[in-house]
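Residues per chain, in single letters:
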Amino acid sequence: MLRALLLTTLLASPALADEIWVTNEADDTVSVIDVETLEVTHTYPTGERPRGVTFSRDFKRLYICASDSDAVQVMDPDTGEILHDLPSGEDPEQFVIAPDDRLLYIANENDAVTTVVDTQSRKVVAQIDVGIEPEGMGISPDGKVQVTTSETTNMAHWIDTATHEITANTLVDARPRHAEFSPDGGELWVSSEIGGTVTIFDTATQMEKGKITFGIPGIRPEKLQPVGMHFSPDHTKVFVALGPANHLAVVDAASFSVEEYILVGRRVWHMALSPDETLLFTTNGVSGDVTAIDVATLAPVATIKVGRFPWGAAARPTAN
Amino acid sequence: MKLLATAAALGLACASAQAEALRLDWIERQVVPPPVLSNLQGDPDDLGLAGARLSLKDIAKTGKFLGIDWALQETVVPPEADFLEVAKAALADGAQILITRAPAKDLLALADLPQAQGALILNTGADETRLRGADCRANVLHTLPSVAMRTDALAQLLVAKRWTDLALISGPQPEDAAYAEALKASLTKFGLALSGEKDWPLTADMRRSGAAEVPLFTQDLPKHDILLVADERGDFARYLPYNTWLPRPIAGSEGLVPRGWSGVVEQNGAAQLQDRFRAAIGREMRAEDYAAWVAVAAISDARTRAGSATPEALRAYLTSEKARIAGFLGRPLSFRPWDGQMRQPIPLVTERAVIALAPLEGFLHAHNELDTLGPDRPETLCTAFGG
């Protein structure tokens, strides 16, 4: 399916190489990184305080949470032009697009709601009351369950996408930041920044299956603050960004044991895999750069300077 | 003797039949604000209480999902009323978890009541280090940082900046003397010393005469990198900057100030809490508001994690290794098991920015870097915690 998408993008797009798009929270811009040269090729202005970022499935639209503009912006990635805003509710921080490529689930951090927006009609379909400061947004691969985590309520809220009602609330450790379904949909992983843990739930029962803690010699436990998470291309590992510990943890997806720690930049937030799945890119908020890691060897290969406080990352395959 | 305000702010209008109803009590002793030179910037009437109210809204939301119905009973005692009688009445009425904003004398009198021995008191208003030392009480935890924690934070910054030539001006009030004493102890702790020191003697109206008097008064201070000042009421020190004989930055009670919280704290998600506070209360969140906010948040977290809301279960959880409370300061918060003080980073702030967040990089500790701020376990004077 990916190949088919690549082909259609090839016809439509004038761009030349695969790209990683990074939002710069304190610069109100997105940086475009060329995956071949590992250099920033474009920097486009966005609304205020851009954080969450994702592409439509055909990669013709870039959605950006412009938190302080209270908007989700839609950008044409070929030109960097903002096409229009979507109604997003107040202070959108993070979002997830449904597998149908149509509905966007948006966490409204200041309003304690999850807003569901139809990207085609540009209308709000539903608003769901969740806990205080929703942020982590995950959706099951079949699109049936959306999970919103709330940072101050310390819960994962399980939302039935057919009814847009909460079906379960599960407690996690303090300040959950990110929710990620396993590629087969069987598990939900939730990172707790202040709790210092990752909790794994069985999706069918919402029961806790396991909990991961971290430890790096020479780094205080209170600095090990898991935030962004990403499954490896073969689904056997999960990369966990550890925030101010400046490391990524590499976790075995089956045993939940930590295999390795990779040194990256300061205050690492989120990640994106290159479209050919050979490189992993991390946003390092405090150092204002992006680390590129070779997925095969788990070695960092480059540090790329972007704007101030890079936060979100998304990959776009283009012609090759 | 009547209550100025008694209101029950219920978390949720309609609670389901099975909801567990839990009560928190806000107990405040109002004091007549001391006179200061400037007439413009007094303390808001709801200082502290506003933080507790906002936090109750936050935890009510969590409680809704968990079937817990939190309520905040507010008792505010006017300066002329008998604090202890009102506090006794609240205890008799069933208060068990008390969030207090009261001077040290009233706090201790409350904590020593026989009826309060099974209660849990969270002090959000008294910063005296002795309340965490020789005058500590087993039933009192503290979310407001002690004076020693704040002056330790400032001393760490002085060390990090290598500002080693230091002069101090102390005001005439008892709290100024206490602050100056704490500051000197912090300097000694981190290997620094004062090279000069003067007491503020002037009673003239500095609003008119600061430019004339301050250069003269500061002219004979020895060479210094930064001028420290103890003026905890915020009386005269505001007239020192730009008026001193030598052009030097000012820190302590004025200028660069170590505070438990301030309206300029924005990292680590703090902007969200600040936005919520401003939207709900219509002013900046101060250290006392934060102390009350975090006290309520800590109780809710402890209830969730410990699975019980008895004072002893909450206290045991909060002072245990398990506690990791989220408080928008970038590190998990917990309570010291030897004196009941909440471990917390201390922002060093100017009016417009956070300059540093203590503990600063490089100040290491065998167990928790937050314990580089304030009296550590080996030096504690507190015995009530069985340490």
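All values reported here derive from a predicted model rather than from experimental measurement.

Participant: Give me the lowdown on the overall build of chain B, citing residues and values where you can.
Facilitator: When you go through chain B residue by residue, the secondary structure sums to nine helices and 15 strands. Based on the C-alpha atoms only, the size of chain B along its principal axes is roughly 70 × 50 × 40 Å. By sequence separation, contacts in chain B at least 24 residues apart represent 70% of the contacts at least 6 residues apart. If you sum the accessible surface of chain B, you get close to 16,200 Å²; carbon and sulfur atoms cover 52% of it.

Participant: Give a description of the sheet that holds strand β12 (residues 134–139) of chain A that names residues and reports values.
Facilitator: Residues and elements named next belong to chain A. Taken in spatial order, the four strands line up as β12-β13-β14-β15 in an open sheet, and their pairing is antiparallel. The two strands at the open ends of the sheet, each matched to only one other strand, are β12 and β15 (165–171). Neighbour-to-neighbour, the strand axes of this sheet turn through a mean angle of 25°, independent of strand direction. The sheet contact formed by strand β14 (residues 155–160) and β15 spans six bridges and is antiparallel. Within β15, the residue paired with H157 across the bridge is N169.

Participant: A description of the pattern of salt bridges should follow, citing residues and the corresponding values.
Facilitator: Residues and elements named next belong to chain B. The final tally for this structure, using the stated rule, is 49 salt bridges over all chains. Of the charged contacts, one joins R29 and D106 as a salt bridge, the two residues approaching to 3.4 Å between their closest N and O atoms. Here D106 lies in helix α3 (residues 104–111) and R29 lies in strand β2 (residues 20–29), a separation of 77 residues in the sequence. By the burial criterion, R29 is buried, and D106 matches it.

Participant: Explain the UniProt feature "domain: Leucine-binding protein" (unreviewed entry) in chain B to me, using residue names and the numbers behind them.
Facilitator: Under the UniProt annotation, "domain: Leucine-binding protein" (unreviewed entry) lies at residues 49–204 of chain B. As annotated, residues 49–204 of chain B has a helix share of 43% and a strand share of 21%, and its two end C-alpha atoms lie 35 Å apart.

Participant: Quick one: what's the story with the side chain of T62 of chain B, residue by residue and with numbers?
Facilitator: Inspection of the secondary structure puts T62 of chain B in helix α1 (residues 49–66). In this structure T62 of chain B comes out as buried when scored by relative accessible area, which is 6%. Among the polar contacts listed, one links the side chain of T62 of chain B to the side chain of T153 of chain A, at a separation of 3.4 Å. With residues near it in sequence (within four places) discarded, T62 of chain B still touches T152, T153 and M155 of chain A.

Participant: Break down the interface of chain A and chain B for me, citing the residues and quoting the values.
Facilitator: Between chain A and chain B, the contact holds 34 residues from the first and 29 residues from the second. Both faces combined, the contact of chain A with chain B buries some 2,500 Å², and carbon together with sulfur accounts for 48% of it. When the buried surface of chain A facing chain B is broken down by residue, I194, R220 and E222 of chain A rank first, second and third, together holding 25% of it. Where K223 of chain A meets E361 of chain B, a salt bridge forms, and the shortest distance between an N and an O atom there is 3.8 Å. On inspection of chain A and its partner chain B, the count reaches 11 residue pairs in polar contact (both at pLDDT 80 or more). Put simply, the parts of the chain that give the side of chain A that touches chain B at least two residues each are β14 and β15 of chain A. Considering every element that reaches the side of chain A that touches chain B, the biggest residue donor is β15 of chain A, with three residues. When grouped by side-chain class, the residues that make up the side of chain A that touches chain B number 12 nonpolar, 10 polar and 12 charged.

Participant: Lay out the state of the cysteines with the relevant residues and their values.
Facilitator: Residue and element names in this part refer to chain B. With the rule as written, the count across this model stands at one disulfide over all chains. The disulfide bridge from C136 ends at C382, spanning 2.0 Å between sulfur atoms. With the S-S dihedral at roughly 80°, the linkage between C136 and C382 falls on the right-handed side. Remark: C382 occurs in the segment after β15 (354–358) and C136 occurs in the loop between β5 (120–123) and β6 (140–142); sequence separation between them is 246 residues.

Participant: Account for the sheet that holds strand β1 (residues 19–24) of chain A, naming residues and giving values.
Facilitator: All names here are of chain A. Across the sheet, four strands lie side by side as β3-β2-β1-β28; this open sheet has antiparallel pairing. With partners counted over all chains shown, the strands left at the sheet margins are β3 (39–45) and β28 (310–316), one partner each. Between one strand and the next, the sheet's axes are offset by a mean angle of 25°, whatever the strand orientation. In this sheet, β3 lies alongside strand β2 (residues 29–34) in antiparallel orientation, the contact comprising six bridges. If you follow T29 over to β3, its bridge partner there is P45.

Rules behind the numbers
- Residues numbered from 1 in each chain as written.
- Chains lettered and ligands numbered in written order.
- Predicted model: local features only at pLDDT ≥ 70, side-chain atom pairs only at ≥ 80, totals over all residues.
- Heavy atoms only, no water.
- Helix = DSSP H or I, 4+ residues; strand = E, 2+ residues; numbered from the N terminus.
- Contact = heavy atoms within 4.5 Å.
- Areas by Shrake-Rupley, 256 points an atom, 1.4 Å probe, with all protein chains shown as cover.
- Pairing = 2+ DSSP bridges.
- Axes fitted to C-alpha atoms, helices over the stretch in contact; angles between N-to-C directions.
- Salt bridge = Lys/Arg side-chain N within 4 Å of Asp/Glu carboxyl O.
- Buried < 20%, exposed > 50% of the residue type's maximum accessible area, 1.4 Å probe, protein only.
- UniProt positions renumbered as here; feature names shortened; annotations may be inferred.
- Polar contact = N/O pair within 3.5 Å; in protein donor to acceptor, adjacent residues only side chain to side chain.
- Buried area = accessible area lost by both parts, 1.4 Å probe.
- Nonpolar A, V, L, I, M, F, W, Y, C, P; charged D, E, K, R; others polar.
- Disulfide = S-S within 2.5 Å.

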